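# A structural walkthrough
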Amino acid sequence: GDVGANAPPRLNPNVEIRPSMDIGNLKERICIDYGGTLQIEIADDGPEALKNLLKRMEWVVCSAEEFVRESREISASEAILLLAATLYKGMAYSIECMPLVQSREYATKFVECFGEEGRFFTTCDVPDHEEAGIGAWRAVTKHTFESVLYGKNGKQAALIVVVDED
């Protein structure tokens, strides 16, 4: 769900993420700990997975066909880098939304949830390092700034959309 000004207090960044945490539990933790506006949706993977995930996203204004056209496949390591950078700092003013160590841990765990079969897609340019901002993207929302990551592995699929305004 949406996390913002009325968000519950963030959990202690020193709390360890359980190695056996599944994607549903991870979604819940990220939504609680992230200090910005994000939405994470999860579905069974299949021919309609992307379409169904996009429909459930509050801010997405593109179809599955448009998303496929505008996105590109990235490696697991690029997915970790993109998600860690996204969770670490807000895109509009580079304000810390989550400690860097915690954002790396969540990003790594998210990618690991998809295993060796995981495939990842984004409409964003992957930054050079986690402390760099998200510099360019092909818009799938009406927000000023956005970061989008789609992962799938034949069993499950997940879409993360983070938005920001200046």
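Before reading further, recall that the structure is shown in the block above.
The notes below deal with the structure included here. (Residues numbered from 1 in each chain as written. Predicted model: local features only at pLDDT ≥ 70, side-chain atom pairs only at ≥ 80, totals over all residues. Heavy atoms only, no water.)

## Let's talk about helix H5 (residues 100-112)
The end-to-end C-alpha separation of H5 is 18 Å, in line with the 18 Å expected for 13 residues at 1.5 Å each. When H5 is considered as a whole, its buried residues turn out to be Leu 100, Gln 102, Ser 103, Tyr 106, Ala 107, Lys 109, Phe 110 and Val 111. Tucked into the core, H5 has its buried residues touching helix H1 (23-33), helix H4 (76-88), strand S3 (119-122), strand S4 (145-152) and strand S5 (156-164). (Helix = DSSP H or I, 4+ residues; strand = E, 2+ residues; numbered from the N terminus. Expected span 1.5 Å × (residues − 1). Buried < 20%, exposed > 50% of the residue type's maximum accessible area, 1.4 Å probe, protein only. Contact = heavy atoms within 4.5 Å.)

## A word on the packing of H4 against H5
The geometry of a pair of packed helices is captured by two quantities: the angle between their axes and the separation between those axes. Between H4 and H5, the least distance of the axes is 8 Å, while the angle of their chain directions is 140 degrees. When the axis of H4 is compared with that of H5, the two are oblique. Judged by the twist between their axes, the crossing of H4 over H5 is right-handed. Judged by residue contacts, Ala 76, Ala 79, Ile 80, Leu 83, Ala 84, Leu 87 and Tyr 88 of H4 engage Leu 100, Ser 103, Arg 104, Tyr 106, Ala 107, Thr 108, Phe 110 and Val 111 from H5. A class-by-class count of the residues in the contact of H4 with H5 yields twelve nonpolar, two polar and one charged. (Axes fitted to C-alpha atoms, helices over the stretch in contact; angles between N-to-C directions. Parallel < 35°, antiparallel > 145°, perpendicular 65-115°, else oblique. Left-handed = near helix turned anticlockwise from the far one by under 90°. Nonpolar A, V, L, I, M, F, W, Y, C, P; charged D, E, K, R; others polar.)

## Structural notes on the sheet that holds strand S2 (residues 72-74)
By definition, the strands of a sheet pair up through backbone hydrogen bonds, in either a parallel or an antiparallel sense. A sheet is described by the order of its strands in space; here five strands give the open sequence S1-S5-S4-S3-S2, paired in antiparallel fashion. At either margin of the open sheet sits one strand with a lone partner, and together these are strand S1 (37-44) and S2. In this sheet, adjacent strand axes meet at a mean angle of 20 degrees when their direction is disregarded. Strand direction decides the pairing type here: S4 and S5, joined by eight bridges, are antiparallel. Pairing of Tyr 150 across the sheet is with Leu 159, part of S5. Sitting on the sheet, helix H2 (residues 49-56) is in contact with S1, S4 and S5, with an inclination near 145 degrees to S1. Set on the sheet, H4 makes contact with S2, S3, S4 and S5; between it and S4 the angle comes to about 145 degrees. (Pairing = 2+ DSSP bridges.)

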